[in-house]
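Each chain, written out:
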Amino acid sequence: MNLQVENISVELEKKGILRNVSLEVRSGEFVGLIGPNGSGKSTLLKSIYRVLKPRSGWITLDGDDVYKLTSRQNAQRMAAVRQETSVEFDFSVTEIVNMGRAPHKRLFQSDNAEDVRICEEALQRVGMHTYADRSFFTLSGGEKQRVLIARALVQQAQFLVLDEPTNHLDVRYQLQVMDLVKNLGITVLSSLHDLNIAAMYCDRLYVISEGEIVTSGTPEEVLTPNLIRDVFGVETEVTTHPITGKKHVYFYSEAIRVKPSIQKVMSGAN
Ligand SMILES: Nc1ncnc2c1ncn2[C@@H]1O[C@H](COP(=O)(O)OP(=O)(O)OP(=O)(O)O)[C@@H](O)[C@H]1O
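Residues numbered from 1 in each chain as written. Predicted model: local features only at pLDDT ≥ 70, side-chain atom pairs only at ≥ 80, totals over all residues. Heavy atoms only, no water.

Direction vectors running N to C along helix α4 (residues 113-125) and helix α5 (residues 141-154) enclose 140°, while the axes themselves pass 9 Å from each other. Taken together, α4 and α5 sit at an angle that is classed as oblique. Two packed elements cross with a definite hand, and for α4 against α5 that hand is right-handed. Here α4 contributes I118, C119, A122 and L123 to the contact with α5, which in turn contributes A150, L153 and V154. Broken down by class, the residue content of the contact of α4 with α5 amounts to seven nonpolar, no polar and no charged. (Axes fitted to C-alpha atoms, helices over the stretch in contact; angles between N-to-C directions. Helix = DSSP H or I, 4+ residues; strand = E, 2+ residues; numbered from the N terminus. Parallel < 35°, antiparallel > 145°, perpendicular 65-115°, else oblique. Left-handed = near helix turned anticlockwise from the far one by under 90°. Contact = heavy atoms within 4.5 Å. Nonpolar A, V, L, I, M, F, W, Y, C, P; charged D, E, K, R; others polar.)

Where helix α9 (residues 225-232) is concerned, the buried positions are L227, I228 and V231. What you see down the axis of α9 is that its buried residues fit within an arc of 95°, all on one side. Taken together, the buried residues of α9 touch α7 (195-201), β9 (204-209), β10 (212-217), α8 (219-222), β11 (236-240) and β12 (247-251). Positive phi shows up at G233, right after α9, with a value of about 70°. (Buried < 20%, exposed > 50% of the residue type's maximum accessible area, 1.4 Å probe, protein only. Arc of directions from axis to C-beta.)

Another aspect to go through is the pairing of β11. Two strands pair when backbone bridges link them, and β11 and β12 are joined in this way by five bridges, in the antiparallel orientation. Note that in β12 the partner of T239 across the bridge is H248. Adjacent in sequence and paired antiparallel, β11 and β12 are bridged by six residues, among which G245 carries a positive phi angle near 75°. (Pairing = 2+ DSSP bridges.)

Moving on to unusual backbone geometry. The phi torsion at N7 lies on the positive side, around 55°, for a residue other than glycine. In this structure N7 comes out as partly exposed when scored by relative accessible area, which is 41%. Of note in the backbone geometry, Q156 takes a positive phi value of approximately 50° without being a glycine. Inspection of the secondary structure puts Q156 in the loop between α5 and β7 (159-163).

Volume-wise, the largest pocket comes out at about 540 Å³. Considering the residues around the largest pocket, the lining is formed by 21 residues, among which A75, M78, A80, R82 and Q155 are closest to the centre. Secondary-structure elements contributing two or more residues to the lining of the largest pocket are α2 (71-77), β6 (78-81) and α5. For the lining of the largest pocket, the per-class residue count stands at 11 nonpolar, six polar and four charged. Estimates place the volume of the second largest pocket at around 220 Å³. Every residue lining the second largest pocket is counted, 16 residues in all, and those nearest its centre are R125, L153, V154, Q156 and L184. For the lining of the second largest pocket, the secondary-structure elements that each account for two or more residues are α4, α5 and β7. Here the lining of the second largest pocket takes five residues from α4, the largest share from any one element. A per-class count over the lining of the second largest pocket returns 11 nonpolar, two polar and three charged. (1 Å grid on protein atoms, 1.4 Å probe; cavity = no way out; pocket = protein on both sides within 12 Å on 5 of 7 lines; lining within 4 Å. Points joined across faces, edges and corners; volume = space filled by probe spheres on them.)

Here four strands make up an open sheet; going across it, the order is β2-β1-β4-β5 and the pairing antiparallel. Whereas interior strands pair on both sides, the edge strands pair on one side only; in this sheet they are β2 (15-25) and β5 (64-65). Here strand β1 (residues 3-12) pairs with strand β4 (residues 56-61) via five bridges, running antiparallel. When the sheet's bridge partners are listed, Q4 is paired in β4 with T60.

Tracing the backbone shows Q174 in helix α6 (residues 171-184). According to the relative accessible area criterion, Q174 is buried, its value standing at 17%. Here Q174 is in contact with T166, L169, D194 and I197, once residues within four sequence places are set aside.

In C-alpha coordinates, the structure reads:
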(Lines give C-alpha, C1' and ligand atoms only; values in the text may rest on other atoms or scores of the structure.)
Protein backbone atom coordinates (compact mmCIF):
# COMPACT_ATOMS: atom_id res chain seq x y z
CA MET A 1 0.00 0.00 0.00
CA ASN A 2 1.50 3.30 -1.09
CA LEU A 3 0.60 6.58 0.62
CA GLN A 4 1.05 9.89 -1.15
CA VAL A 5 0.43 13.18 0.61
CA GLU A 6 0.62 16.01 -1.89
CA ASN A 7 0.94 19.61 -0.87
CA ILE A 8 -1.65 19.62 1.91
CA SER A 9 -2.42 22.65 4.04
CA VAL A 10 -4.55 22.60 7.18
CA GLU A 11 -5.99 25.60 8.97
CA LEU A 12 -7.57 25.45 12.43
CA GLU A 13 -9.32 28.43 13.96
CA LYS A 14 -7.95 30.64 11.17
CA LYS A 15 -4.37 29.61 11.99
CA GLY A 16 -2.23 27.77 9.45
CA ILE A 17 -1.16 24.52 11.13
CA LEU A 18 0.26 22.64 8.10
CA ARG A 19 1.71 24.40 5.08
CA ASN A 20 2.21 22.59 1.76
CA VAL A 21 3.16 19.29 3.33
CA SER A 22 4.13 16.47 0.97
CA LEU A 23 5.19 13.01 2.05
CA GLU A 24 5.38 9.52 0.63
CA VAL A 25 5.32 6.12 2.30
CA ARG A 26 6.18 3.38 -0.16
CA SER A 27 4.74 -0.08 0.07
CA GLY A 28 6.29 -2.03 2.98
CA GLU A 29 8.21 0.97 4.36
CA PHE A 30 8.29 1.97 8.02
CA VAL A 31 8.40 5.75 7.99
CA GLY A 32 8.76 7.93 11.08
CA LEU A 33 7.53 11.47 11.59
CA ILE A 34 9.55 13.44 14.12
CA GLY A 35 9.33 17.03 15.30
CA PRO A 36 8.91 19.14 18.41
CA ASN A 37 5.72 19.49 20.45
CA GLY A 38 3.11 21.42 18.52
CA SER A 39 4.91 21.09 15.18
CA GLY A 40 1.91 19.46 13.47
CA LYS A 41 2.59 15.70 13.65
CA SER A 42 -0.85 14.72 14.97
CA THR A 43 -2.56 17.18 12.63
CA LEU A 44 -0.82 15.59 9.65
CA LEU A 45 -1.72 12.07 10.81
CA LYS A 46 -5.33 13.13 11.46
CA SER A 47 -5.53 14.43 7.89
CA ILE A 48 -4.30 11.07 6.66
CA TYR A 49 -6.75 9.04 8.74
CA ARG A 50 -9.55 11.39 7.70
CA VAL A 51 -10.36 13.22 10.90
CA LEU A 52 -9.19 16.62 9.62
CA LYS A 53 -9.82 17.33 5.96
CA PRO A 54 -7.05 19.50 4.50
CA ARG A 55 -7.99 22.88 3.02
CA SER A 56 -5.95 22.06 -0.07
CA GLY A 57 -3.85 19.28 -1.55
CA TRP A 58 -4.71 15.59 -1.69
CA ILE A 59 -3.96 12.28 0.01
CA THR A 60 -4.00 8.99 -1.87
CA LEU A 61 -3.63 5.33 -0.93
CA ASP A 62 -2.53 3.25 -3.90
CA GLY A 63 -3.71 6.11 -6.08
CA ASP A 64 -7.22 6.44 -4.57
CA ASP A 65 -8.15 9.70 -2.86
CA VAL A 66 -8.75 8.65 0.77
CA TYR A 67 -11.54 11.24 1.12
CA LYS A 68 -13.43 9.58 -1.73
CA LEU A 69 -13.38 6.08 -0.21
CA THR A 70 -16.32 4.89 1.89
CA SER A 71 -15.56 4.48 5.61
CA ARG A 72 -15.61 0.74 5.15
CA GLN A 73 -13.24 0.78 2.16
CA ASN A 74 -10.92 3.08 4.05
CA ALA A 75 -10.96 0.95 7.22
CA GLN A 76 -10.10 -2.16 5.20
CA ARG A 77 -6.97 -0.40 3.95
CA MET A 78 -5.91 1.81 6.84
CA ALA A 79 -5.87 1.34 10.61
CA ALA A 80 -4.96 4.12 13.02
CA VAL A 81 -3.83 4.15 16.63
CA ARG A 82 -4.49 7.68 17.80
CA GLN A 83 -2.83 9.57 20.59
CA GLU A 84 -6.02 10.07 22.53
CA THR A 85 -8.92 7.70 22.03
CA SER A 86 -12.04 8.40 24.01
CA VAL A 87 -14.04 5.32 24.91
CA GLU A 88 -17.35 6.54 26.24
CA PHE A 89 -18.96 3.33 27.45
CA ASP A 90 -17.70 0.64 29.75
CA PHE A 91 -16.51 -1.96 27.25
CA SER A 92 -14.38 -4.97 28.08
CA VAL A 93 -10.96 -5.39 26.52
CA THR A 94 -12.31 -8.11 24.22
CA GLU A 95 -15.19 -5.88 23.08
CA ILE A 96 -12.80 -3.03 22.28
CA VAL A 97 -10.55 -5.31 20.22
CA ASN A 98 -13.56 -6.89 18.45
CA MET A 99 -14.55 -3.44 17.18
CA GLY A 100 -11.52 -3.62 14.88
CA ARG A 101 -13.22 -6.48 12.99
CA ALA A 102 -16.20 -4.28 11.96
CA PRO A 103 -14.87 -3.40 8.47
CA HIS A 104 -14.80 -7.12 7.65
CA LYS A 105 -18.39 -7.80 8.72
CA ARG A 106 -21.91 -6.90 7.76
CA LEU A 107 -23.97 -4.67 10.06
CA PHE A 108 -24.98 -6.56 13.24
CA GLN A 109 -23.21 -9.73 12.04
CA SER A 110 -21.99 -11.53 15.14
CA ASP A 111 -18.43 -12.72 15.66
CA ASN A 112 -17.56 -16.05 14.10
CA ALA A 113 -14.84 -18.45 15.25
CA GLU A 114 -12.33 -16.78 12.95
CA ASP A 115 -13.03 -13.31 14.48
CA VAL A 116 -12.61 -14.75 17.97
CA ARG A 117 -9.32 -16.41 17.01
CA ILE A 118 -7.95 -13.23 15.39
CA CYS A 119 -8.85 -11.12 18.44
CA GLU A 120 -7.37 -13.61 20.90
CA GLU A 121 -4.17 -13.79 18.87
CA ALA A 122 -3.87 -9.99 18.74
CA LEU A 123 -4.30 -9.73 22.52
CA GLN A 124 -1.66 -12.39 22.93
CA ARG A 125 0.74 -10.50 20.67
CA VAL A 126 0.49 -7.34 22.77
CA GLY A 127 0.69 -9.30 26.02
CA MET A 128 -2.89 -8.46 27.09
CA HIS A 129 -4.62 -11.86 26.73
CA THR A 130 -5.02 -12.25 30.50
CA TYR A 131 -6.97 -8.96 30.57
CA ALA A 132 -9.63 -10.06 28.05
CA ASP A 133 -12.58 -9.61 30.44
CA ARG A 134 -11.35 -6.49 32.22
CA SER A 135 -13.13 -3.18 31.80
CA PHE A 136 -11.14 -0.94 29.45
CA PHE A 137 -11.71 1.99 31.86
CA THR A 138 -9.76 0.25 34.61
CA LEU A 139 -6.57 -0.24 32.60
CA SER A 140 -3.39 1.79 33.02
CA GLY A 141 -2.27 4.12 30.20
CA GLY A 142 0.19 1.56 28.85
CA GLU A 143 -2.33 -1.30 29.03
CA LYS A 144 -4.90 0.80 27.14
CA GLN A 145 -2.30 1.61 24.51
CA ARG A 146 -1.55 -2.08 23.95
CA VAL A 147 -5.27 -2.92 23.66
CA LEU A 148 -5.71 -0.15 21.07
CA ILE A 149 -2.79 -1.54 19.11
CA ALA A 150 -4.44 -4.99 19.23
CA ARG A 151 -7.65 -3.39 17.88
CA ALA A 152 -5.68 -1.91 14.98
CA LEU A 153 -4.03 -5.28 14.28
CA VAL A 154 -7.32 -7.18 13.99
CA GLN A 155 -8.42 -4.69 11.34
CA GLN A 156 -5.81 -6.43 9.13
CA ALA A 157 -5.23 -3.27 7.13
CA GLN A 158 -2.15 -3.03 4.93
CA PHE A 159 -1.40 0.52 6.04
CA LEU A 160 -0.98 1.45 9.69
CA VAL A 161 -0.87 4.99 11.08
CA LEU A 162 0.46 5.34 14.62
CA ASP A 163 0.47 8.53 16.67
CA GLU A 164 3.23 8.13 19.23
CA PRO A 165 2.58 4.44 19.82
CA THR A 166 5.19 4.12 22.57
CA ASN A 167 3.66 6.86 24.73
CA HIS A 168 2.76 5.43 28.13
CA LEU A 169 4.74 2.24 27.53
CA ASP A 170 7.60 1.08 29.71
CA VAL A 171 10.82 0.24 27.94
CA ARG A 172 10.04 -3.46 27.53
CA TYR A 173 6.69 -2.78 25.89
CA GLN A 174 8.11 0.07 23.79
CA LEU A 175 10.45 -2.45 22.20
CA GLN A 176 7.84 -5.19 22.07
CA VAL A 177 5.28 -2.99 20.33
CA MET A 178 7.81 -1.59 17.88
CA ASP A 179 9.16 -5.10 17.12
CA LEU A 180 5.63 -6.34 16.59
CA VAL A 181 4.73 -3.52 14.21
CA LYS A 182 8.03 -3.89 12.34
CA ASN A 183 7.49 -7.65 11.93
CA LEU A 184 4.03 -7.15 10.42
CA GLY A 185 5.83 -6.21 7.22
CA ILE A 186 3.06 -3.77 6.26
CA THR A 187 3.32 -0.09 5.36
CA VAL A 188 3.63 2.07 8.48
CA LEU A 189 3.69 5.79 9.18
CA SER A 190 4.33 6.65 12.83
CA SER A 191 5.00 9.82 14.75
CA LEU A 192 7.68 9.26 17.35
CA HIS A 193 9.20 11.39 20.08
CA ASP A 194 12.06 9.07 20.90
CA LEU A 195 14.79 9.72 18.33
CA ASN A 196 16.63 6.52 19.21
CA ILE A 197 13.51 4.43 18.69
CA ALA A 198 13.03 6.27 15.38
CA ALA A 199 16.63 5.49 14.40
CA MET A 200 16.25 1.83 15.32
CA TYR A 201 13.01 1.04 13.52
CA CYS A 202 12.42 3.49 10.69
CA ASP A 203 13.54 3.08 7.10
CA ARG A 204 13.09 6.80 6.53
CA LEU A 205 12.19 9.84 8.59
CA TYR A 206 10.35 13.07 7.86
CA VAL A 207 11.11 16.01 10.12
CA ILE A 208 8.34 18.52 10.71
CA SER A 209 8.78 21.91 12.31
CA GLU A 210 6.20 24.70 12.59
CA GLY A 211 3.87 22.95 10.18
CA GLU A 212 6.40 22.35 7.41
CA ILE A 213 8.50 19.36 6.43
CA VAL A 214 12.06 20.57 6.82
CA THR A 215 13.92 17.47 5.70
CA SER A 216 13.57 13.75 5.06
CA GLY A 217 15.84 10.78 4.48
CA THR A 218 17.22 7.72 6.19
CA PRO A 219 17.89 8.05 9.95
CA GLU A 220 21.60 8.15 9.09
CA GLU A 221 21.04 11.15 6.81
CA VAL A 222 18.57 12.99 9.02
CA LEU A 223 19.74 12.53 12.60
CA THR A 224 22.66 14.91 12.79
CA PRO A 225 23.62 17.22 15.67
CA ASN A 226 22.95 20.25 13.43
CA LEU A 227 19.44 19.13 12.51
CA ILE A 228 18.57 18.23 16.10
CA ARG A 229 19.92 21.61 17.31
CA ASP A 230 17.98 23.53 14.63
CA VAL A 231 14.70 21.69 15.12
CA PHE A 232 14.67 20.73 18.80
CA GLY A 233 17.14 23.28 20.23
CA VAL A 234 19.16 20.57 21.95
CA GLU A 235 22.87 19.77 21.79
CA THR A 236 23.71 16.17 21.04
CA GLU A 237 26.41 13.72 20.17
CA VAL A 238 25.34 11.27 17.47
CA THR A 239 27.22 8.01 17.18
CA THR A 240 26.68 4.54 15.81
CA HIS A 241 25.20 2.08 18.29
CA PRO A 242 27.81 -0.65 18.85
CA ILE A 243 25.28 -3.48 18.81
CA THR A 244 22.53 -2.46 16.40
CA GLY A 245 24.74 -0.46 14.03
CA LYS A 246 21.98 2.19 14.00
CA LYS A 247 22.41 5.88 14.78
CA HIS A 248 22.31 6.66 18.48
CA VAL A 249 21.70 10.11 19.91
CA TYR A 250 23.21 11.22 23.23
CA PHE A 251 21.71 14.40 24.66
CA TYR A 252 23.51 17.08 26.65
CA SER A 253 21.63 18.50 29.57
CA GLU A 254 22.10 21.97 30.98
CA ALA A 255 21.52 20.70 34.51
CA ILE A 256 23.72 17.62 34.40
CA ARG A 257 27.34 18.64 34.11
CA VAL A 258 29.49 17.09 31.41
CA LYS A 259 32.29 15.04 32.98
CA PRO A 260 35.61 16.98 32.90
CA SER A 261 37.36 14.13 31.05
CA ILE A 262 34.73 14.26 28.30
CA GLN A 263 34.82 18.06 28.22
CA LYS A 264 38.53 17.76 27.38
CA VAL A 265 37.77 15.45 24.45
CA MET A 266 35.00 17.78 23.21
CA SER A 267 37.27 20.82 23.32
CA GLY A 268 40.02 18.87 21.54
CA ALA A 269 42.47 19.06 24.48
CA ASN A 270 44.89 16.19 25.08
N1 LIG B 1 -8.49 22.17 17.21
C2 LIG B 1 -7.46 23.02 17.20
N3 LIG B 1 -7.66 24.35 17.16
C4 LIG B 1 -6.61 25.23 17.12
N5 LIG B 1 -5.32 24.85 17.12
C6 LIG B 1 -5.07 23.54 17.17
C7 LIG B 1 -6.10 22.55 17.22
N8 LIG B 1 -5.54 21.33 17.26
C9 LIG B 1 -4.20 21.54 17.25
N10 LIG B 1 -3.93 22.85 17.20
C11 LIG B 1 -2.59 23.48 17.19
O12 LIG B 1 -1.90 22.97 16.07
C13 LIG B 1 -0.50 22.87 16.35
C14 LIG B 1 -0.05 21.47 15.97
O15 LIG B 1 -0.64 20.54 16.88
P16 LIG B 1 -0.36 18.99 16.77
O17 LIG B 1 -1.18 18.32 17.82
O18 LIG B 1 -0.55 18.57 15.37
O19 LIG B 1 1.19 18.94 17.14
P20 LIG B 1 2.13 17.69 17.48
O21 LIG B 1 3.37 17.88 16.66
O22 LIG B 1 1.39 16.42 17.31
O23 LIG B 1 2.44 17.97 19.00
P24 LIG B 1 2.81 16.98 20.24
O25 LIG B 1 4.19 16.48 19.97
O26 LIG B 1 2.77 17.94 21.39
O27 LIG B 1 1.77 15.90 20.31
C28 LIG B 1 -0.34 23.22 17.81
O29 LIG B 1 0.09 24.55 17.92
C30 LIG B 1 -1.74 23.07 18.38
O31 LIG B 1 -1.95 23.94 19.47
